[in-house]
Amino acid sequence: IQSIEHRANLDTIEIEGIPLIDLSLSHTTDINLLVSEIGNACNNWGFFQVINHGVPLELLEKIKVAAKTFFDQPMEEKRKVKRDEVNPMGYYESEHTKNVRDWKEVFDFLIKDPTFLPASPELEDDEMRTLSNQWPENPPQFSLLMFAREVCQEYARELEKLGYKLLELIALSLGLPSNRFNGYFEDQLSRMRLNHYPPCPCPELALGVGRHKDAGALTIVTQDDVGGLQVKRKSDGVWVPVKPTSNALVINVGDIIQVWSNEAYESVEHRVVVNSERERFSIPIFFFPSHYVMVKPLEELVNEGNPPKYKPYNFGKFNAARYRSNFKKLEVQNIQISDFKII
Ligand code: OGA
Ligand code: NI
């Protein structure tokens, strides 16, 4: 149960939403126009939707069917691929955001399988570990789940391409060479998540996901037509719904772009409200850099008048600290970029 100040107002409100950007260059031959639209959206909202993004539309349909196929299984089947202290990939039904349980179940997998990363957050400890995906084996509806797995992998490949395209446009919008960010993702720790938000008998008390910011560089989300994702508007702090828009994908700036850009672009708080009637599916992909990347404000974007606002941090160690706190349910808050802020 959310404390009173964090509960959702479930009245539908008509309000100016996040920008919708057409990524096809056919409507304009001027890439500068597109780059400035992206820059404005990152600056004013930290969130936008894109159409004509190049991801095959039937794949957007298929990935939602894949998610439904997975979550429709009996709990005993889903538990066979449950995440644990050793493997954080797989199924999980009791995630907490800011110490309140989310009204959802998830299935997580890496887009590069296996992935190597530091085993511990301690800086002096250089032990590495391997993370690999867990996929359902020999389930009753074997063929459907094989389909689900293949669709997940195909979707990850397509979204990776779009992720690079967006990172290039964002780099250009900051006045950087288009490939400025690409090298950070060579051994990326990126992951995908299938989200299922079941109908909730008391949607005014719970949230599908409590308010949070994404810790990666960039997030791309496919959602169905139910709605529920809300963004905290930068200008006045009002929670603005992200209107489900057919064929569109939702993009948001994560904490790492906030650091790289020295806060020219900010990672914005968002949450998911639930409803008592319809289940909802959403599929985010979180773009995370390689474990050895030291995340810090880019040299080209800082100067005497605009000194770096963050100390460098190692992304692999940061990630390891996040994992550990996921299991220990520590009383203290998760590690955050604000821990590296120079005041
Ligand atoms: C998330 C998230 C939004 C959604 O998983 O980090 O913000 O629409 N999801 O499910
Ligand atoms: Ni999020």
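Residues numbered from 1 in each chain as written. Chains lettered and ligands numbered in written order. Predicted model: local features only at pLDDT ≥ 70, side-chain atom pairs only at ≥ 80, totals over all residues. Heavy atoms only, no water.

Quick look at the packing of aromatic side chains now. As enumerated under the stated definition, the model contains 16 aromatic pairs in all. Between Phe107 and Trp135 the ring centres are 5.6 Å apart and the planes differ by 50 degrees, which places this aromatic pair in the tilted class. You can see Phe107 sitting in strand E6 (residues 105-110) and its partner Trp135 sitting in the loop between strand E8 (128-131) and helix H4 (142-173), a full 28 residues away along the chain. Overall, the relative accessible area of 1% leaves Phe107 in the buried class. Geometrically, the ring pair formed by Tyr164 and Phe185 is edge-to-face, given 6.4 Å between the ring centres and 85 degrees between the ring planes. (Phe/Tyr/Trp six-rings, centres within 6.5 Å; stacked < 30°, edge-to-face > 60°. Helix = DSSP H or I, 4+ residues; strand = E, 2+ residues; numbered from the N terminus. Buried < 20%, exposed > 50% of the residue type's maximum accessible area, 1.4 Å probe, protein only.)

Before going further, it helps to spend a moment on the coordination of the nickel ion (ligand 2). The protein atoms that coordinate the nickel ion (ligand 2) are His212 (NE2), Asp214 (OD) and His270 (NE2), at distances spanning 2.1 to 2.2 Å. Between consecutive donor residues of the nickel ion (ligand 2), the sequence gaps follow H-x1-D-x55-H. Of this pair, His212 sits in strand E10 (residues 209-212) while His270 is found in strand E15 (residues 270-272), placing the two residues 58 residues apart along the sequence. On the accessibility criterion, His212 (17% relative accessible area) is buried. Here His270 falls in the buried class, since its relative accessible area comes to 6%. (Donors = N, O, S within 2.8 Å, 3.2 Å for Na, K, Ca; no water.)

Our next topic: the sheet that holds strand E12 (residues 229-232). Taken in spatial order, the four strands make up an open sheet running E10-E15-E12-E13, and their pairing is antiparallel. The two strands at the open ends of the sheet, each matched to only one other strand, are E10 and strand E13 (239-241). Each adjacent strand pair in this sheet contributes to an overall mean axis angle of 20 degrees, direction not counted. Where E10 meets E15, two bridges bridge the pair, whose relative direction is antiparallel. (Pairing = 2+ DSSP bridges. Axes fitted to C-alpha atoms, helices over the stretch in contact; angles between N-to-C directions.)

Here we take up the nonpolar core. With 77 residues, the main nonpolar core has Ile38, Leu166, Phe181 and Trp260 as its most contacted residues. Ranked by residue count, the leading element in this core is H4, at 13 residues. If sequence neighbours within four positions are ignored, Leu166 has contacts with Leu23, Ile38, Phe48, Val50, Leu218, Ile220 and Ile251. In this structure, Trp45, Val209, Val240 and Val272 belong to the second largest nonpolar core, which totals 16 residues. (Core = buried A, V, L, I, M, F, W, Y, C linked by side-chain atoms within 4.5 Å. Contact = heavy atoms within 4.5 Å.)

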